[in-house]
Amino acid sequence: MTDTGSVDPAATAHEPSVDPWKGLRGIMAGTLILEAIVIGLVLTVIARVDDGEHFQPWKVWFVSLLAVAMVVASGLQRRPWAIPLNLTLAGLAVAGWAVHWSMGVCGLMFAAVWAYILYLRRDLSRRMAGGYLPSQHD
(Lines give C-alpha, C1' and ligand atoms only; values in the text may rest on other atoms or scores of the structure.)
Protein backbone atom coordinates (compact mmCIF):
# COMPACT_ATOMS: atom_id res chain seq x y z
CA MET A 1 0.00 0.00 0.00
CA THR A 2 1.45 3.35 -0.99
CA ASP A 3 0.92 6.64 0.73
CA THR A 4 -0.31 9.01 -1.97
CA GLY A 5 -0.93 11.85 0.50
CA SER A 6 2.71 12.47 1.36
CA VAL A 7 4.27 15.11 -0.84
CA ASP A 8 7.65 16.67 -0.22
CA PRO A 9 6.96 20.30 0.79
CA ALA A 10 10.27 21.47 -0.68
CA ALA A 11 9.28 20.13 -4.10
CA THR A 12 6.13 22.26 -4.32
CA ALA A 13 7.43 25.31 -2.41
CA HIS A 14 8.17 28.68 -3.95
CA GLU A 15 9.55 31.90 -2.55
CA PRO A 16 7.36 33.16 0.31
CA SER A 17 4.68 35.56 -0.88
CA VAL A 18 5.25 37.70 2.22
CA ASP A 19 8.60 38.55 3.79
CA PRO A 20 8.96 36.23 6.79
CA TRP A 21 12.00 38.13 8.02
CA LYS A 22 9.95 41.31 8.43
CA GLY A 23 8.21 39.95 11.52
CA LEU A 24 11.50 38.85 13.07
CA ARG A 25 13.03 42.26 12.40
CA GLY A 26 10.03 43.81 14.16
CA ILE A 27 10.55 41.56 17.16
CA MET A 28 14.22 42.52 17.31
CA ALA A 29 13.45 46.24 17.03
CA GLY A 30 10.80 45.99 19.74
CA THR A 31 13.16 44.07 22.00
CA LEU A 32 15.79 46.78 21.60
CA ILE A 33 13.27 49.49 22.51
CA LEU A 34 12.18 47.57 25.61
CA GLU A 35 15.80 46.95 26.54
CA ALA A 36 16.60 50.65 26.11
CA ILE A 37 13.76 51.57 28.47
CA VAL A 38 14.88 49.07 31.09
CA ILE A 39 18.52 50.13 30.80
CA GLY A 40 17.49 53.79 31.01
CA LEU A 41 15.63 53.07 34.24
CA VAL A 42 18.93 51.94 35.74
CA LEU A 43 19.71 55.64 36.10
CA THR A 44 16.97 55.95 38.73
CA VAL A 45 18.34 52.92 40.55
CA ILE A 46 21.89 54.21 40.76
CA ALA A 47 20.64 57.65 41.75
CA ARG A 48 18.57 56.35 44.70
CA VAL A 49 20.41 53.29 46.00
CA ASP A 50 22.97 53.89 48.75
CA ASP A 51 22.17 57.62 48.78
CA GLY A 52 23.43 58.10 45.23
CA GLU A 53 26.85 56.58 45.88
CA HIS A 54 26.78 54.86 42.45
CA PHE A 55 25.64 57.99 40.58
CA GLN A 56 29.01 58.81 39.05
CA PRO A 57 29.51 60.68 35.76
CA TRP A 58 31.04 57.74 33.85
CA LYS A 59 28.19 55.47 34.91
CA VAL A 60 25.57 58.00 33.83
CA TRP A 61 27.29 58.38 30.45
CA PHE A 62 27.65 54.62 29.97
CA VAL A 63 23.99 53.92 30.75
CA SER A 64 22.71 56.89 28.73
CA LEU A 65 24.80 56.16 25.64
CA LEU A 66 23.89 52.47 25.76
CA ALA A 67 20.17 53.26 25.94
CA VAL A 68 20.43 55.75 23.05
CA ALA A 69 22.47 53.26 21.00
CA MET A 70 19.74 50.67 21.51
CA VAL A 71 17.07 53.06 20.27
CA VAL A 72 19.17 53.93 17.21
CA ALA A 73 19.92 50.25 16.55
CA SER A 74 16.21 49.44 16.60
CA GLY A 75 15.88 51.37 13.34
CA LEU A 76 18.78 49.55 11.69
CA GLN A 77 17.40 46.02 11.70
CA ARG A 78 17.41 45.72 7.88
CA ARG A 79 21.17 45.98 7.78
CA PRO A 80 23.17 42.75 7.40
CA TRP A 81 25.23 43.62 10.50
CA ALA A 82 22.19 44.22 12.73
CA ILE A 83 22.38 40.94 14.63
CA PRO A 84 26.06 41.33 15.62
CA LEU A 85 25.23 44.89 16.69
CA ASN A 86 22.28 43.66 18.77
CA LEU A 87 24.41 41.03 20.46
CA THR A 88 27.17 43.56 21.16
CA LEU A 89 24.67 45.90 22.81
CA ALA A 90 23.30 42.99 24.85
CA GLY A 91 26.85 42.13 25.91
CA LEU A 92 27.42 45.72 27.00
CA ALA A 93 24.24 45.54 29.06
CA VAL A 94 25.59 42.47 30.85
CA ALA A 95 28.91 44.30 31.31
CA GLY A 96 26.82 46.97 33.05
CA TRP A 97 27.40 44.87 36.15
CA ALA A 98 30.28 47.33 36.68
CA VAL A 99 27.71 50.12 36.93
CA HIS A 100 25.39 48.29 39.33
CA TRP A 101 24.48 44.66 39.83
CA SER A 102 20.87 45.40 38.90
CA MET A 103 21.96 46.43 35.40
CA GLY A 104 23.91 43.20 35.03
CA VAL A 105 20.85 41.18 36.04
CA CYS A 106 18.71 43.03 33.48
CA GLY A 107 21.42 42.42 30.90
CA LEU A 108 21.37 38.68 31.64
CA MET A 109 17.59 38.55 31.29
CA PHE A 110 17.76 40.27 27.91
CA ALA A 111 20.65 38.00 26.88
CA ALA A 112 18.25 35.10 27.38
CA VAL A 113 15.69 36.90 25.20
CA TRP A 114 18.31 37.40 22.48
CA ALA A 115 19.28 33.74 22.67
CA TYR A 116 15.63 32.83 22.07
CA ILE A 117 15.42 35.28 19.16
CA LEU A 118 18.47 33.61 17.59
CA TYR A 119 16.76 30.24 18.03
CA LEU A 120 13.64 31.61 16.29
CA ARG A 121 15.81 32.98 13.47
CA ARG A 122 17.46 29.61 12.95
CA ASP A 123 14.10 27.83 13.03
CA LEU A 124 12.62 30.26 10.48
CA SER A 125 15.61 29.75 8.20
CA ARG A 126 15.23 25.97 8.38
CA ARG A 127 11.50 26.15 7.70
CA MET A 128 12.09 28.38 4.67
CA ALA A 129 14.76 26.03 3.31
CA GLY A 130 12.47 23.04 3.78
CA GLY A 131 9.48 24.79 2.21
CA TYR A 132 7.31 24.54 5.32
CA LEU A 133 6.05 28.13 5.51
CA PRO A 134 2.36 28.58 4.61
CA SER A 135 3.25 31.56 2.40
CA GLN A 136 5.39 29.22 0.26
CA HIS A 137 2.32 27.25 -0.82
CA ASP A 138 -0.36 29.79 -1.74
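Predicted, not measured: the structure shown is a model, and the values here were computed from it. (Residues numbered from 1 in each chain as written. Predicted model: local features only at pLDDT ≥ 70, side-chain atom pairs only at ≥ 80, totals over all residues. Heavy atoms only, no water.)

## Let's talk about the overall build of the chain
Broken down by element type, the chain carries 5 helices and 0 strands. A burial count over the chain gives 34% of its 138 residues as buried. Carbon and sulfur atoms form 66% of the exposed surface of the chain, whose accessible area is close to 8500 Å². (Helix = DSSP H or I, 4+ residues; strand = E, 2+ residues; numbered from the N terminus. Buried < 20%, exposed > 50% of the residue type's maximum accessible area, 1.4 Å probe, protein only. Areas by Shrake-Rupley, 256 points an atom, 1.4 Å probe, with all protein chains shown as cover.)

## A look at the packing of aromatic side chains
Enumeration according to the criterion identifies 1 aromatic pair in this entry. Each ring, one from tyrosine 116 and one from tyrosine 119, has its centre 6.1 Å from the other, and the planes form 25°; the classification is stacked. Note that tyrosine 116 and tyrosine 119 are positioned in helix H5 (residues 101-130) at a spacing of 3 residues, about one turn of the helix. (Phe/Tyr/Trp six-rings, centres within 6.5 Å; stacked < 30°, edge-to-face > 60°.)

## Points about helix H2 (residues 20-48)
Side chains that are three or four residues apart share a direction in an α-helix, a result of its 3.6 residues per turn. Spanning 29 residues, H2 covers 44 Å between terminal C-alpha atoms, matching the ideal 42 Å at 1.5 Å per step. Pro20, Leu24, Arg25, Met28, Ala29, Thr31, Leu32, Glu35, Ala36, Ile39, Val42 and Ile46 are the residues of H2 that are buried. Buried residues in H2 make contact with helix H3 (57-74), helix H4 (82-95) and H5. Looking one or two residues past H2, aspartate 50 carries a phi angle of roughly 55°, positive in sign. (Expected span 1.5 Å × (residues − 1). Contact = heavy atoms within 4.5 Å.)

## Concerning the environment of leucine 118
Examined against the element boundaries, leucine 118 turns out to sit in helix H5. Its relative accessible area of 32% is what places leucine 118 among the partly exposed residues. Through-space distance from the C-alpha of leucine 118 to that of leucine 24 is 9.8 Å; in sequence the pair is 94 residues apart. Beyond its immediate stretch of four places on either side in the chain, leucine 118 contacts Ile83 and Leu87.

## With respect to the environment of alanine 111
Counting through the fold element by element, alanine 111 comes out in helix H5. Judged by its relative accessible area of 30%, alanine 111 falls in the partly exposed class. Through-space distance from the C-alpha of alanine 111 to that of leucine 87 is 8.0 Å; in sequence the pair is 24 residues apart.

## Here we look at the packing of H2 against H3
The interhelical angle for the contact between H2 and H3, taken along N-to-C directions, is 165°, at an axis separation of 8 Å. Overall, the two elements H2 and H3 adopt an arrangement that is roughly antiparallel. Our pair here, H2 against H3, has a crossing hand that is left-handed. Counting all contacts with H2, which are made through Ala29, Leu32, Ile33, Glu35, Ala36, Ile39, Gly40, Val42, Leu43 and Ile46, the residues of H3 involved are Lys59, Val60, Val63, Ser64, Leu66, Ala67, Met70, Val71, Ala73 and Ser74. (Axes fitted to C-alpha atoms, helices over the stretch in contact; angles between N-to-C directions. Parallel < 35°, antiparallel > 145°, perpendicular 65-115°, else oblique. Left-handed = near helix turned anticlockwise from the far one by under 90°.)

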